[in-house]
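Here are the chains, one letter per residue:
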Amino acid sequence: MPKLIAIIDDEPEMEFVYSLVLENALKGSELELKFFQDSRDFFEWFVSSDPDLILSDINMPFISGPELCHAIRLTGRSIPIYLVSGSDERDYQDILNEIDECRFLTKPLNTSRFQHLLALDLNLPLA
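Residues numbered from 1 in each chain as written. Predicted model: local features only at pLDDT ≥ 70, side-chain atom pairs only at ≥ 80, totals over all residues. Heavy atoms only, no water.

Q: Can you walk me through the nonpolar core in this structure?
A: Taken as a class, soluble globular proteins show a tendency for nonpolar side chains to be buried jointly. By size, the foremost hydrophobic cluster in this structure holds 18 residues, and its most contacted members are Ile8, Phe42, Trp45, Phe46, Ile54, Ile72 and Ile81. Listing elements by their share of this core, those giving two or more residues are strand S1 (3–8), helix H2 (39–46), helix H3 (65–74), strand S4 (81–85) and strand S5 (102–106). Core analysis: the next-biggest nonpolar cluster, separate from the first, contains 17 residues, Leu22, Leu55, Tyr82 and Leu122 among them. (Core = buried A, V, L, I, M, F, W, Y, C linked by side-chain atoms within 4.5 Å. Buried < 20%, exposed > 50% of the residue type's maximum accessible area, 1.4 Å probe, protein only. Helix = DSSP H or I, 4+ residues; strand = E, 2+ residues; numbered from the N terminus.)

Written out as structure tokens, the structure reads:
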């Protein structure tokens, strides 16, 4: 059964970037990617879906990545969540300290670190 990864990013071109990075990072693994440009659409879908992992841009209109992470945690589900930003992690340290169990990644993604973390969180062999 494929692993379902939900990706939330308000920049449409990121769908291609994530598809390419994930395909290269997790070669041989069956993945299903579900891309959302609007965090509200994602959360509506999430309520009745069961993704294996969530990747979310940190700065988005409507519901930010940290707000989304907090809302997901309030549901009681322990899905791995990655918040991704082009800014340095130190810029978000106060916010990240308030959110449990969310990883932070910077763009551009360090492919080997990203591959290692995803393989661990999805219980997949390293490529």
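Q: I keep staring at the pairing of S1 and nothing clicks. Help me out?
A: As a general feature of sheets, a regular strand has side chains that alternate between the two faces. Extensive coverage of S1 is indicated by the burial of five of its six residues. The pairing of S1 with strand S2 (residues 31–36) spans six bridges and is classified as parallel. Residue pairing across strands places Ile5 opposite Leu33, the latter belonging to S2. Pairing analysis gives four bridges linking S1 to strand S3 (residues 53–57), with the strands arranged parallel. Following the sheet pairing, Ala6 is matched in S3 by Ile54. (Pairing = 2+ DSSP bridges.)

Q: Can you walk me through a nonpolar patch on the surface in this structure?
A: Among the surface-exposed residues, Phe16, Val17 and Leu20 lie close enough to one another that they form a single nonpolar patch of about 280 Å² accessible area. Positionally, Leu20 belongs in helix H1 (residues 14–25). (Patch = residues over 30% accessible without salt bridge, like charges linked within 9 Å, V, L, I, M, F, W, Y side chains within 5 Å. Areas by Shrake-Rupley, 256 points an atom, 1.4 Å probe, with all protein chains shown as cover. Salt bridge = Lys/Arg side-chain N within 4 Å of Asp/Glu carboxyl O.)

Q: Would you mind going over the packing of aromatic side chains with me for this structure?
A: Pairs of aromatic rings are described using the distance from one ring centre to the other and the angle between the two planes. By the definition in use, this model includes six aromatic pairs. With a centroid separation of 5.5 Å and 75° between ring planes, the pair formed by Phe36 and Phe42 is classed as edge-to-face. Phe42 matches Phe36 in its accessibility class, with the two residues each being buried. Seen from the ring of Phe62, Arg40 lies directly overhead, with NZ or CZ sitting 3.3 Å from the centre. One residue, Arg77, lies across the ring of Phe46, its end atom 4.0 Å from the ring centre. (Phe/Tyr/Trp six-rings, centres within 6.5 Å; stacked < 30°, edge-to-face > 60°. Lys NZ or Arg CZ within 6 Å of the ring centre and 35° of its normal.)

Q: Please clarify how the packing of H2 against H3 should be interpreted in this entry.
A: Each pair of packed helices gets described by two things: the angle between the helix axes and the distance between those axes. Contact geometry of H2 with H3 gives a least axis separation of 11 Å together with a crossing angle of 10°. The orientation of H2 relative to H3 falls into the category roughly parallel. Seen along the crossing, H2 lies across H3 with a hand that is right-handed. Where H2 approaches H3, its residues Ser39, Phe42, Phe43 and Phe46 are matched on the opposing element by Leu68, Ala71 and Ile72. When its residues are assigned to classes, the contact of H2 with H3 shows six nonpolar, one polar and no charged. (Axes fitted to C-alpha atoms, helices over the stretch in contact; angles between N-to-C directions. Parallel < 35°, antiparallel > 145°, perpendicular 65-115°, else oblique. Left-handed = near helix turned anticlockwise from the far one by under 90°. Contact = heavy atoms within 4.5 Å. Nonpolar A, V, L, I, M, F, W, Y, C, P; charged D, E, K, R; others polar.)

Geometric values such as these leave the question of function open.
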